[in-house]
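Structure at a glance
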Amino acid sequence: MKFFGKDKVGSDIVIKGVPFEHVSPFSGCALGPSFLRYCSEYIETKSFYFNKFCEDFEDRGDIPCFGVDLKEAGRLIEESVLEIISSKKTVIFVGGDHTITFFILRTIKKIIPDIKVLVFDAHTDFRDSFMDSKINHATWLRVLYEEKVLRENEVFLFGIRENFPETPFKVLNKIDLASLGGRFYLSFDLDVLDPSVFPSVTNPVPGGFSLKEIIEILKEIKDVITFADFVEYNPLRGDAILSGINFSTLIREFIVIKSL
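Treat the numbers as computed from the prediction; the structure is a model and nothing was measured.

Moving on to the pattern of salt bridges. Think of it this way: side chains of opposite charge can pair up when their charged atoms draw near. Evaluated as defined, the whole model comprises 16 salt bridges. Linking Asp114 and Arg183 is a salt bridge whose minimum nitrogen-to-oxygen distance equals 3.6 Å. Taken together, the residues Asp114 in the loop between α3 (99–111) and β6 (116–120) and Arg183 in the loop between β8 (170–172) and β9 (184–189) connect sequence positions 69 residues apart. Lys222 is the partner of Asp223 in a salt bridge, and the nearest nitrogen-oxygen pair spans 2.9 Å. We classify Lys222 as buried; its relative accessible area is 15%. Salt bridges here are not isolated pairs; linked through shared partners, they connect Asp128, Lys134, Arg142 and Glu146.

Right, dumping it as structure tokens:
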């Protein structure tokens, strides 16, 4: 199944599913890419916000990392990322939990060392360990920092509502990338949205953003985003169809925004 049931081979925007999750009290995020494609059938291909059809994308399916262990998942993700970024396209990775960002960013930073990182998330993801695991959705940012893959001045967090553990990175109250400069990798944890909008996440946090607010922000930052991931859609939690339709709409609008 493809996003919207179709795609356009050779497009400058590529969707790649990463159906992997590691440790969690509530499993289900690995099902995210499949449910996203299923729910995309319930919405129109035309953007209501920008009056433009979502047509300029290629869905290259999933990395075959469902159900494999952490080491093998890392190998498969790195292999796929190296292949995709060599084509110099805008890539949208669809998770999966936030563990996938660890492997994707570690790989991309080897090829594009000056790329900066913008994280939309309700949590800091800076724990030392979680559920007896060193690398997972709650620790990935800390591990990349400890391994010196990421430095203090190249990571910016937005939407934080659970500010523990505290991080050395800058927490933004508003986005002004013009003053920050450079190219960015966007890592978008769907729990940055309010649970009333997107209940199907493992760790919902009240006080989040509306879909419309996020779309307006994405419009403002579109020119500096080279790669992006959207993670933590858990269709086994909350209202999977409502969340999936909102997720499909978000991906549709992001694709349209990047083609404006």
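Right, picking up where we left off after that structure.
Okay, a nonpolar patch on the surface next. A contiguous nonpolar patch, built from Met1, Tyr38, Tyr42 and Ile241 and spanning about 440 Å² of accessible area, is present on the exposed surface. Note that Ile241 resides in helix α6 (residues 240–258).

Below, the discussion takes up helix α5 (residues 211–221). All of the buried residues in α5 are Leu211, Ile214, Ile215, Ile217, Leu218 and Ile221. In an axial view of α5, the angular spread of the buried residues amounts to 160 degrees, which keeps them on one side of the axis. Residues Lys212 and Glu220 are exposed on α5 and point more than 90 degrees away from its buried face. Residues of α5 that are buried sit in contact with β6, β7 (155–158), β9, β10 (225–231) and α6.

Attention now goes to the packing of aromatic side chains. Within the structure shown, the criterion is met by 18 aromatic pairs. Aromatic side chains Phe230 and Phe254 sit 5.5 Å apart centroid to centroid with 70 degrees between the ring planes, which places their arrangement in the edge-to-face category. Of this pair, Phe230 sits in strand β10 while Phe254 sits in helix α6, and the two are 24 residues apart along the sequence. Through pairs of rings, three or more aromatic residues link up here, namely Phe120, Phe158, Phe188, Phe198, Phe209, Phe230, Tyr233, Phe247 and Phe254.

This paragraph deals with the packing of α5 against α6. Where α5 contacts α6, the two axes come as close as 10 Å, and the packing angle between them is 20 degrees. Relative to α6, the element α5 is oriented roughly parallel. Judged by the twist between their axes, the crossing of α5 over α6 is right-handed. Judged by residue contacts, Leu211, Ile214, Ile215, Leu218 and Lys219 of α5 engage Asn246, Thr249, Leu250, Glu253, Phe254 and Ile257 from α6. Class assignment of the residues belonging to the contact of α5 with α6 gives a composition of 7 nonpolar, 2 polar and 2 charged.

For soluble globular proteins, the rule of thumb is that nonpolar side chains tend to be buried together. Ranked by internal contacts, the top residues of the largest apolar core, which has 46 residues, are Phe120 and Ile214. Among the elements that line this core, the one with the most residues is α6, at 8 residues. If near-sequence neighbours (up to four positions away) are discounted, Ile214 is found in contact with Phe120, Phe188, Val192, Leu193, Phe209 and Leu250. Core analysis: the next-biggest nonpolar cluster, separate from the first, contains 37 residues, Phe103, Leu141, Tyr185 and Val231 among them.

Basis of the calculations
Per chain, residues are indexed from 1 in the order of the written sequence. The model is predicted, so local features are restricted to residues of pLDDT at least 70 and side-chain atom pairs to those at 80 or more, both for listing and for counting; the totals for chains, interfaces and linings are taken over all residues. As a rule here, side-chain values cover all heavy atoms of the structure and leave hydrogens and water aside. Each salt bridge in this description consists of a side-chain nitrogen of Lys or Arg and a carboxyl oxygen of Asp or Glu lying within 4 Å of one another. What counts as a helix is a DSSP run of H or I of at least four residues, what counts as a strand is a run of E of at least two, and both are numbered from the N terminus. Relative accessible area decides the class of each residue, using a 1.4 Å probe on protein chains only: under 20% of the type maximum gives buried, over 50% gives exposed, and in between gives partly exposed. Each patch is assembled from residues with relative accessible area greater than 30% and no salt bridge, linking like charges that lie within 9 Å and nonpolar side chains (Val, Leu, Ile, Met, Phe, Trp, Tyr) that lie within 5 Å. For the area figures, the Shrake-Rupley method with a 1.4 Å probe applies, and any residue is considered shielded solely by the protein chains shown. What the arc covers is the set of directions going from the helix axis to the C-beta atoms. By definition in these notes, contact holds between two residues if any of their heavy atoms fall within 4.5 Å. Two aromatic rings from Phe, Tyr or Trp, using only the six-membered ring of Trp, form a pair when their centres are within 6.5 Å; if the ring planes differ by under 30 degrees the pair is stacked, by over 60 it is edge-to-face, and anything between is tilted. Geometry is summarised by axes, namely lines fitted to C-alpha atoms with helices restricted to the contacting stretch, and by angles between N-to-C directions that run from 0 to 180 degrees. In what follows, roughly perpendicular refers to angles from 65 to 115 degrees, roughly parallel to angles under 35, roughly antiparallel to angles over 145, and oblique to any angle outside these ranges. In this scheme, a crossing is called left-handed if the near helix is turned counterclockwise away from the far one by less than a right angle; it is called right-handed if the turn is clockwise. Polarity classes work like this: nonpolar for Ala, Val, Leu, Ile, Met, Phe, Trp, Tyr, Cys and Pro, charged for Asp, Glu, Lys and Arg, and polar for all others, with Gly in that last group. Side-chain atoms within 4.5 Å are what join buried Ala, Val, Leu, Ile, Met, Phe, Trp, Tyr and Cys residues into a set we call a nonpolar core.

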